[in-house]
Amino acid sequence: MYSKGLAPLAAATVVTITAAFAMVFFYAPNDADQGFIQKIFYVHVPMAIVALCGFVAGGVFAIKHLRSGDSSWDLRSYVAIHLSIILGVGVLATGAIWAKASWGHWWVWDEPVLVSFLVVFLLYCVYYPLRFSIEDPDRQARYSSVFAIAAGAFVPLNFVAVRMAETFTHPRVLSQTGGDLPGDMRLTFLVSLLGMALLFVTLWKLELTAKHASMQLKRLRNRARVAA
Amino acid sequence: MPALPLDEAGKYVAGAYVVFLALILVYVAIIGAKIARIERDITALVDAEDDE
């Protein structure tokens, strides 16, 4: 059910990420201002964009769940949020490394982009205790969906709020005018972003497949128990 | 701050990419372990069915 097309998707992910890494180190030039350290940008920013899109996707799946009552949409929402939280850990870790190398500090509290991402991350950390504190599966799915929709709506609002913030210490590379990235850097960034998006979808399908197989196994066990 | 020299910047860049790869590898290993457990359980279920 969920594993359809997983093998070619995984192959495409491996090829794209390998190409992206090769472009990062052998094609994209060093940044004139930051030098070699700017290479962190190609893993940190795509990971952040994909994680935030994953949170929003979790909200969209949750809407579908509440509209249809089909629990498979709740499962899709849960796995998307779960994966986005894992990527969020990566974003915070790589961001801290980049901050230390660029600014001399692991964390800068007056930088709106960093703090707003941390706020979103911590908000979604609440999803787990909320979800797993409810035993009844229907209620669990319903309440989790409501949370996923509310939090999913907060993500773009938060993004806009950061854009409207006054301080611009953080490098701004994507804007309505196309940003300041030169062509070869932009191409490398776009390939990295594509690779990260493919990785997200591959892992999302992989986890959905594993969870679905586990649920089917539980059903088989119950059937065997009833038959015995 | 001025750009870090390559030998120093290299450590940070390597650190960031290792964090990313480690995260993905650990995640895939956990999912792999889950799938292996499901496979073992299915085998046990089929064996129990055959014994009956």
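Whatever comes next refers back to the structure up there.
Residues numbered from 1 in each chain as written. Chains lettered and ligands numbered in written order. Predicted model: local features only at pLDDT ≥ 70, side-chain atom pairs only at ≥ 80, totals over all residues. Heavy atoms only, no water.

Novice: Sorry, what's going on with the overall build of chain A here?
Specialist: Summing up its helical and strand segments, chain A has seven helices and zero strands in all. If you list the helices and strands of chain A from N to C, you get α-α-α-α-α-α-α. Along the first, second and third principal axes, the C-alpha set of chain A runs to 70 × 40 × 30 Å. Out of the 228 residues in chain A, the part that is buried amounts to 49%. Sequence-distant contacts, at least 24 apart, represent 76% of the contacts inside chain A between residues at least 6 apart. Accessible area for chain A stands at about 11,500 Å²; split by element, carbon and sulfur atoms hold 67% of it. Between the mean site of the 19 positive side-chain charges and the mean site of the 13 negative ones, chain A shows a separation of 14 Å. (Helix = DSSP H or I, 4+ residues; strand = E, 2+ residues; numbered from the N terminus. Buried < 20%, exposed > 50% of the residue type's maximum accessible area, 1.4 Å probe, protein only. Contact = heavy atoms within 4.5 Å. Areas by Shrake-Rupley, 256 points an atom, 1.4 Å probe, with all protein chains shown as cover. Lys, Arg positive; Asp, Glu negative; His and termini not counted. Charge placed at Lys NZ, Arg CZ, Asp CG, Glu CD.)

Novice: Whenever I open this one, the overall build of chain B confuses me. Can you help?
Specialist: Each helix and strand in chain B was counted, giving one helix and zero strands. Whereas a compact globule of 52 residues would reach a radius of gyration of roughly 10 Å, chain B reaches 22 Å, over 25% beyond that. Over its C-alpha atoms, taken along the principal directions, chain B stretches across nearly 75 × 15 × 5 Å. Only carbon and sulfur atoms are counted for the fraction: they give 66% of the accessible area of chain B, which is about 3,500 Å². (Rg over C-alpha atoms; globule rule 2.2 N^0.38 Å.)

Novice: For this particular structure, what's the right way to read the interface of chain A and chain B?
Specialist: Opposite the 38 residues of chain A that make contact, chain B presents 25 residues. Summed over both partners, the interface of chain A with chain B comes to about 2,700 Å²; 83% of that surface belongs to carbon and sulfur atoms. The three residues of chain A that bury the most area against chain B are A:Phe36, A:Ile97 and A:Leu217, which together make up 18% of that side's buried surface. If you look at where chain A meets chain B, you find one salt bridge. The salt bridge partner of B:Asp41 is A:Arg221, with a shortest N-O separation of 2.8 Å. Every element with two or more residues in the side of chain A that touches chain B is listed here: helix H1 (6–26), helix H2 (41–68), helix H3 (71–103) and helix H7 (183–227) of chain A. Per-class residue counts for the side of chain A that touches chain B are 24 nonpolar, eight polar and six charged. (Buried area = accessible area lost by both parts, 1.4 Å probe. Salt bridge = Lys/Arg side-chain N within 4 Å of Asp/Glu carboxyl O. Nonpolar A, V, L, I, M, F, W, Y, C, P; charged D, E, K, R; others polar.)

Novice: How should the nonpolar core be read in this particular structure?
Specialist: Of all hydrophobic cores here, the largest spans 63 residues; its most connected members are A:Ile37, A:Ile40, A:Tyr42 and A:Tyr124. Those elements that provide at least two residues to this core are H1, H2, H3, helix H4 (112–125), helix H6 (137–164) and H7 of chain A together with helix H1 (6–51) of chain B. A total of 15 residues in this core trace back to one element, the largest contributor, which is H3(A). If we ignore the near neighbours within four places in the chain, the residues touching A:Tyr124 are A:Phe55, A:Ile81, A:Ile85, A:Phe147, A:Ala148, A:Ala151, A:Gly152 and A:Val155. (Core = buried A, V, L, I, M, F, W, Y, C linked by side-chain atoms within 4.5 Å.)

Novice: Explain H3(A) to me, please; I cannot follow it from the model alone.
Specialist: One turn of the α-helix equals 3.6 residues, which is why residues spaced by three or four share an orientation. Compared with the 48 Å implied by 1.5 Å per residue over 33 residues, the 46 Å span of H3(A) between its first and last C-alpha is a close match. With its phi angle positive at about 85 degrees, A:Gly104 sits one or two positions after the end of H3(A). (Expected span 1.5 Å × (residues − 1).)

Novice: I would appreciate a short explanation of the side chain of A:Gln34 in the present structure.
Specialist: Locating A:Gln34 in the fold gives a position in the loop between H1 and H2. A distance of 3.2 Å separates a polar atom in the side chain of A:Gln34 from a polar atom in the side chain of A:Ser102. (Polar contact = N/O pair within 3.5 Å; in protein donor to acceptor, adjacent residues only side chain to side chain.)

These figures capture arrangement, not role.
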